Amino acid sequence: MTTGQELPHRAPQDEDAVEPSEWERYGVDTSTPHSARVYDHWLGGKTNFPPDRAMAEAIEEAVPSVREMAKANRAFQGRAVRHLAREHGIRQFLDLGTGIPTSPNTHEIAESVSPGTRVVYVDNDPIVLAHARALMVSTPGSRTTYIHADLREPEKLFADPALTSTLDLTRPVGLLMIAVLMLIADEDDPWGRVAALRDALPAGSCLALTTPTQDFDPEAVGRVAAAARAGGMTLVPRGHDEVLRFFDGWELVEPGLTPVLAWRPDGEPPADPRAAYYWGGVAIKR
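Analysis parameters
- Residues numbered from 1 in each chain as written.
- Predicted model: local features only at pLDDT ≥ 70, side-chain atom pairs only at ≥ 80, totals over all residues.
- Heavy atoms only, no water.
- Phe/Tyr/Trp six-rings, centres within 6.5 Å; stacked < 30°, edge-to-face > 60°.
- Helix = DSSP H or I, 4+ residues; strand = E, 2+ residues; numbered from the N terminus.
- Buried < 20%, exposed > 50% of the residue type's maximum accessible area, 1.4 Å probe, protein only.
- Lys NZ or Arg CZ within 6 Å of the ring centre and 35° of its normal.
- Salt bridge = Lys/Arg side-chain N within 4 Å of Asp/Glu carboxyl O.

- Under the annotation held in an unreviewed UniProt entry, the protein chain carries the name SAM-dependent methyltransferase and is attributed to Streptomyces sp. Y1.

Set out below in C-alpha cells:
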C-alpha cells in the first residue's frame, strides 16, 4: 500500500540532507508534520522536513527536555525487548508504529540476545517504508519484514501475507506499541483496537507499551497537545488509569505500569523518574 507512485527501494537521500522534492514525486505529503519525522528530528535524524521541524520546535518550546524524553522512551524499548527475549523467551516481535529506523532497531536488540528472531515492523508513513527496505536487514537465520498498514485496522493487519508468512501466530509474540497510541483519539476507540490486537495473539505473548501522560506536568503537556492540534497532528496524552486499560486481562510484569525511566533501569535508579512524561509497562497473556 503506497501513496502515488511506487516508492523507491531505498530512501532517496545522502548523508547530509533530504530534499522534500525527492519525496513529493512519490506522493509523500511533506507540507504537514508527521509524528515519525518529528520524532526523527528529536533523535538527531535527517529524514524530516520544515513542517516536522517546526512542530518539533513548538513542542520543545513547551517542554524543553523533550529530546531527552524521546531518548528515554527509546531506551525503554531496548530494555523491554531484551527482557522479553531473555526472560520470556520471545523470538518473534510485532512492532507497531515503527518510525524511521534508528539503530539499534528491534531486530538488532532481539538478535543480540537470541539470533534467529523474527520481526514484523508496521507503520503508515511511506518514508518509513523506503527506509525500512534499505536499513532493516536481518542477520542469517532471522527474518525481518515491513508492512505499510494502520494499527486501527487490526483485522487487515493480521490477514496480511507478509505478517502470516513471517510470524507463527500459534507461538508467543512480543507486541510493541511504543509512543504510538497517542496518535489515536478517544473517539476512535484505541482501547478496542488494542484489545483486538491482543486477542489475536496466543498465550505467552507479551505487550510492551509506552504513551505520553499529563500526570507529571499537566500544564506543560497541555501546551504540547495544543501545539500538535494547531499543526494538524493528533497527540493525546493519557492518565495512569486510561493507560492501564490497554493491558486489560493480561498480567503486568514487575514493576508494573511506571514512568518509563523507572521501568527496570540499567544501573542506578533515576533521580527523578517522572522527568520523562511517559507511562510504560510490559504485560503477559496467561
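### Describing the packing of aromatic side chains
- Applying the stated criterion to the full structure yields 3 aromatic pairs.
- Plain terms: the ring middles of Phe76 and Trp263 are 5.3 Å apart, the flat faces sit at 65 degrees to each other, and that makes the pair edge-to-face. Of this pair, Phe76 sits in helix α4 (residues 66–87) while Trp263 is found in the loop between β7 (258–259) and β8 (278–284), placing the two residues 187 residues apart along the sequence. Across the pair, exposure class does not vary: Phe76 and Trp263 are buried alike.
- Sitting above the plane of the Trp191 ring, Arg245 keeps its charged end 4.1 Å from the centroid.
- Arg264 extends its terminal NZ or CZ atom over the ring of Trp263, reaching a point 5.5 Å from the ring centre.

### What about the pattern of salt bridges?
- In total, this model carries 9 salt bridges according to the counting rule given.
- Between Glu153 and Lys156 there is a salt bridge, with the nearest N and O atoms lying 3.7 Å from each other.
- Judged by relative accessible area, which is 53%, Lys156 ranks as exposed.
- Asp186 is the salt-bridge partner of Arg238, the closest N and O atoms lying 2.7 Å from each other. Residue Arg238 is located in the loop between α10 (218–230) and α11 (240–244), and its partner Asp186 is located in the loop between β4 (174–178) and α9 (190–199); the two are separated by 52 residues in the primary sequence.
- Look at Arg238 and you get buried, because its relative accessible area is 0%.

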